[in-house]
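Now for the letters of each chain:
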Amino acid sequence: MTYEGLLAAIGEFVAQGTPHQIATLNPEFVMAAQSNAAFRDVLEQADLCVADGVGLLWAARRQGHPLPARVTGSDGVPLIAERAAQAGWGLYLLGAAPGVAERTARVLAERYPGLRITGTYAGSPAEQDAEQIVALVRDASPDILFVAFGAPQQDLWIARYSEALSVPVMMGVGGAFDHIAGVRRRAPSWLQRLNLEWLFGCSLSPGAGGANSRCQSSCGQC
């Protein structure tokens, strides 16, 4: 779907009030799901999956089922925050490195006056932390929960604790907080227009570790 379609769907989910999971898929998700049955089940059972990766658009077009647009977490989070400020939805920011969610919240609050941030917490997807995190989120009572634990951890975590969290919209956002907070640079706009943002990400990984080492230390999606 398009960004406007995503916002419309979120509005419907919030109005319904029951838990809904949104996953932002890229080609790495699809490949990981081939060997990770639990991850595959989560993606297939999610209430909404959006194409956060140009490779999915290419593949869909090749299979004769073209998708209308790429919908990224890094662009989607600010758009959702803008709509939330207008609609009065409360946001909770969970994940990323310590302090990054707080910085992201400040950026979004300054950019969109009236935005209601109900809480932020770094946390982790570790099972021993789940009870505390669930309690924090439930007490904050947000309409939308952004989870930046990296894939597949964030998506598996949301699915596992969805009912306990009882948040109308729960969305895995990978490295979106890093981009919004300025912790990690995004590709220049001209590279994004050429659908080469993935190449820029790989270029930021010096040494023998390569792109996988860099991404797993931040968002886990590459």
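Here the structure is a predicted model, which is why all the values come from computation and not from measurement.

**Considerations on unusual backbone geometry**
Then comes step 1: The linkage connecting alanine 151 with the following residue, proline 152, adopts the cis geometry, with an omega of 0°.
Then comes step 2: Its identity as a non-glycine residue notwithstanding, serine 166 has a phi of 55°, on the positive side.
Then comes step 3: Looking at the secondary structure, you find serine 166 in the loop between α8 (153-165) and β6 (169-172).
Then comes step 4: Of the residues examined, serine 166 reaches a relative accessible area of 39% and is grouped as partly exposed.

**Description of the packing of aromatic side chains**
Then comes step 1: Per the stated rule, a full pass over the model turns up 3 aromatic pairs.
Then comes step 2: Aromatic pair phenylalanine 149 and tryptophan 157: ring centres 5.6 Å apart, planes at 90°, arrangement edge-to-face. This pair shows no difference in class: phenylalanine 149 is buried, exactly as tryptophan 157 is.
Then comes step 3: Cluster of aromatic residues (ring-pair linked, three or more members): Phe149, Trp157 and Tyr161.

**Observations concerning helix α5 (residues 73-87)**
Then comes step 1: With 15 residues, α5 should cover 21 Å at 1.5 Å per step; its first-to-last C-alpha distance of 20 Å lies within 8% of that length.
Then comes step 2: What α5 keeps buried is the set Gly73, Ser74, Gly76, Val77, Pro78, Ile80, Ala81 and Ala84.
Then comes step 3: Where α5 is buried, its residues contact α1 (3-16), β3 (90-95), α6 (100-111), β5 (144-148), β6 and α9 (176-181).
Then comes step 4: A side-chain oxygen of the first residue of α5 lies 3.0 Å from the backbone nitrogen of aspartate 75; this N-cap is threonine 72.
Then comes step 5: Taken from the residues just after α5, glycine 88 is the one with a positive phi, measuring 85°.

**Observations regarding the pairing of strand β4 (residues 116-121)**
Then comes step 1: As paired strands, β3 and β4 are joined by 5 bridges and run parallel to one another. Across the sheet, glycine 90 pairs through a bridge with arginine 116, a residue of β4.
Then comes step 2: Between β3 and its parallel partner β4, the chain crosses via α6, and the hand of that crossover is right-handed.

**Quick word on the pattern of salt bridges**
Then comes step 1: Scanning the model with the defined rule gives 5 salt bridges in all.
Then comes step 2: Across the salt bridge formed by arginine 40 and glutamate 44, the nearest N and O atoms sit 3.2 Å from each other. In this pair, arginine 40 and glutamate 44 both sit in helix α3 (residues 37-45), 4 residues apart, roughly one turn of the helix.

**Observations regarding the layout of surface pockets**
Then comes step 1: Put simply, the second largest pocket is a space of about 300 Å³.
Then comes step 2: Lining the second largest pocket are 15 residues, and of these Leu25, Val30, Leu43, Cys49 and Leu56 sit closest to its centre.
Then comes step 3: Elements represented by at least two residues in the lining of the second largest pocket include exactly α2 (27-35), α3 and β2 (48-51).

**Structural notes on the packing of helix α7 (residues 127-140) against α8**
Then comes step 1: Viewed as axis vectors pointing N to C, α7 and α8 meet at an angle of 45°, and their least axial separation amounts to 10 Å. By the criterion of interaxial angle, the relationship of α7 to α8 is oblique. As α7 packs across α8, the resulting crossing turns out to be right-handed. Contact residues: Glu127, Ala130, Ile133, Val134, Val137 and Arg138 in α7; Trp157, Arg160, Tyr161, Glu163, Ala164 and Leu165 in α8.

**So, the confidence of the model for the chain**
Low pLDDT marks stretches whose predicted atomic positions should not be read closely.
Then comes step 1: Taken residue by residue, the chain gives an average pLDDT of 87. The fraction at 70 or more is 82%.
Then comes step 2: Per-residue pLDDT stays below 50 along residues 205-222; that stretch engages in 33 contacts with residues further than four places along the chain or on separate chains.

**Describing the packing of α1 against α5**
Then comes step 1: Running from N to C, α1 and α5 cross one another at 50°; their axes reach a closest spacing of 10 Å. Here α1 lies oblique to α5, going by the angle between them. Viewed along their axes, α1 and α5 form a crossing whose handedness is right-handed. Here α1 contributes Tyr3, Glu4, Leu6, Leu7 and Ile10 to the contact with α5, which in turn contributes Asp75, Gly76, Leu79, Ile80 and Arg83.
Then comes step 2: Tallied by class, the residues present in the contact of α1 with α5 amount to 6 nonpolar, 1 polar and 3 charged.

Each value, and the rule that gives it
- Residues numbered from 1 in each chain as written.
- Predicted model: local features only at pLDDT ≥ 70, side-chain atom pairs only at ≥ 80, totals over all residues.
- Heavy atoms only, no water.
- Helix = DSSP H or I, 4+ residues; strand = E, 2+ residues; numbered from the N terminus.
- Buried < 20%, exposed > 50% of the residue type's maximum accessible area, 1.4 Å probe, protein only.
- Phe/Tyr/Trp six-rings, centres within 6.5 Å; stacked < 30°, edge-to-face > 60°.
- Expected span 1.5 Å × (residues − 1).
- Contact = heavy atoms within 4.5 Å.
- Polar contact = N/O pair within 3.5 Å; in protein donor to acceptor, adjacent residues only side chain to side chain.
- Pairing = 2+ DSSP bridges.
- Right-handed = clockwise from strand over helix to strand, strands pointing away.
- Salt bridge = Lys/Arg side-chain N within 4 Å of Asp/Glu carboxyl O.
- 1 Å grid on protein atoms, 1.4 Å probe; cavity = no way out; pocket = protein on both sides within 12 Å on 5 of 7 lines; lining within 4 Å.
- Points joined across faces, edges and corners; volume = space filled by probe spheres on them.
- Axes fitted to C-alpha atoms, helices over the stretch in contact; angles between N-to-C directions.
- Parallel < 35°, antiparallel > 145°, perpendicular 65-115°, else oblique.
- Left-handed = near helix turned anticlockwise from the far one by under 90°.
- pLDDT = per-residue confidence, 0-100.
- Nonpolar A, V, L, I, M, F, W, Y, C, P; charged D, E, K, R; others polar.

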